[in-house]
Every structure is written in C-alpha cells, then in structure tokens.
Amino acid sequence: DDPLILYPNEGRKFFLGQSNTFAIQNVTSRGEWVTAGGPTIKSSLVAAYGERITRDIFATVTAPLIGNWLEGDTRISLGDPSASARYTVLLPSFTDPVWLPQVQLIAGVKYALSRSIHETQTKNLTDVFGTGFHEIRLGLDVWAGNGPVKVGVALIAAKPFATTIQNVRYQPGLILRSTIT
C-alpha cells in the first residue's frame, strides 16, 4: 500500500518510482473488445518521503503524477496524495537470524484531489487521475526472515467516504487488499 518503508536503522528516506502499463484494451462484461473507454497507456511517477518519529513509529507522504495516453489525446495530472504512519509492534533481532516476524500496524488517509471517472469531461476518460473518494486505511504488515529469504504479507482495509457529484451521491463499499511477498 505504501511504496516507501523505513528500516529500523533509517531516519528518513526519499522514494521515486515509475510504472507504465502499455497496450490497455477494454473488454465488455461479455468478453468483447471495445475501442472506446479509456487510455491505451497509463503511466505513474510516484514520489514518497518517509520520516522516523520514534524508534517504533514512522510516517510517509506519497504523491503520484499520472499520465494517460490515447492516440490524439495525452493528459498528465497529479493523482490522489496520501499519508500514512506505521507502528512497529514486534521487531526481530537482526543479530539472531530466527524466523521471529516483524509486525507493524498501519494507519493512513488518502485525499481525493484529482478528477475521478464521475467527473470526467472527456468521452475517452483521459482526464481521470483519481478515485473521487477520500479514504482512511488500517492494516497489518508482517514479514519474517533475516537471511537472504524473506516472506511477508500485508493486509489493508480501506473505507472510502461518500461523496456527492452533480447531485448524485456515491458510496463505495469497504476495500480489502492483501499483498504477499
């Protein structure tokens, strides 16, 4: 959920990452290809900064820059920024390579700053850069292994807030995400 994690010996860190998705094709619920419906290339440049607050707590802020490409129409805008904090409940010993896991609690917020699909002003959706919903997130991150092999799982529950756009009220449900590494 967060692109930047501070290790116990780090006081602060900056992260810059780029991802690209090419040859996006839209499919109907019946499995038919459609030519309209969104960009064919999406790009994301993410910047994040993390700062240690105490030995057990650190906070991060993240800001994405999103690019949408479709033949004849290219748009770039800021995505929805977020902030989060992690509290380390259990920290394994780095001098004793046993499989005692590191356990962190996660809390975060995302601010719906960017245009969403409900606010689009183009038929091809190239101006959509965010979800349209503020959200809060709570989660748990567990990983183990002080040697060359590490395993982990992160579980995140996100609750988007309802919003009204052009006199229509939207209320998405609870979001559950898991990441296994």
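Our structure's up above, just so we're on the same page.
Residues numbered from 1 in each chain as written. Predicted model: local features only at pLDDT ≥ 70, side-chain atom pairs only at ≥ 80, totals over all residues. Heavy atoms only, no water.

**Structural notes on the environment of His134**
Then step 1. Topologically, His134 is positioned in the loop between β8 (102-110) and β9 (135-144).
Then step 2. Those residues in contact with His134 that lie beyond four places of it in its chain are Lys110, Tyr111, Ala112, Lys159, Pro160 and Phe161.
Then step 3. A distance of 3.0 Å separates the side chain of His134 from the backbone nitrogen of Ala112, its partner in a polar contact. (Helix = DSSP H or I, 4+ residues; strand = E, 2+ residues; numbered from the N terminus. Contact = heavy atoms within 4.5 Å. Polar contact = N/O pair within 3.5 Å; in protein donor to acceptor, adjacent residues only side chain to side chain.)

**Looking at the pattern of salt bridges**
Then step 1. Per the counting criterion, the structure on display carries eight salt bridges.
Then step 2. Where Asp73 meets Arg75, a salt bridge forms, and the shortest distance between an N and an O atom there is 3.1 Å.
Then step 3. Note that Lys110 and Glu135 form a salt bridge whose closest N and O atoms lie 3.9 Å from each other. Of this pair, Lys110 sits in strand β8 while Glu135 sits in strand β9, and the two are 25 residues apart along the sequence.
Then step 4. By relative accessible area, Lys110 is classed as buried at 11%. (Salt bridge = Lys/Arg side-chain N within 4 Å of Asp/Glu carboxyl O. Buried < 20%, exposed > 50% of the residue type's maximum accessible area, 1.4 Å probe, protein only.)

**Side note on unusual backbone geometry**
Then step 1. Within the chain, Leu125 stands out as a residue other than glycine whose phi angle is a positive 60°.
Then step 2. Along the polypeptide, Leu125 turns up in the loop between β8 and β9.
Then step 3. Although it is not a glycine, Asn167 sits at a positive phi angle of roughly 65°.
Then step 4. Secondary-structure assignment places Asn167 in the loop between β11 (163-165) and β12 (168-170).

**Details of the layout of surface pockets**
To find the voids left in a structure, one rolls a probe of water-molecule size over its atoms.
Then step 1. A volume near 380 Å³ is recorded for the second largest pocket.
Then step 2. Lining the second largest pocket we find 18 residues, and of these Ile5, Arg86, Asp141, Trp143 and Thr181 sit closest to its centre.
Then step 3. Top element by residues in the lining of the second largest pocket is strand β10 (residues 151-160). It accounts for five residues.
Then step 4. Split into classes, the residues belonging to the lining of the second largest pocket amount to nine nonpolar, three polar and six charged. (1 Å grid on protein atoms, 1.4 Å probe; cavity = no way out; pocket = protein on both sides within 12 Å on 5 of 7 lines; lining within 4 Å. Points joined across faces, edges and corners; volume = space filled by probe spheres on them. Nonpolar A, V, L, I, M, F, W, Y, C, P; charged D, E, K, R; others polar.)

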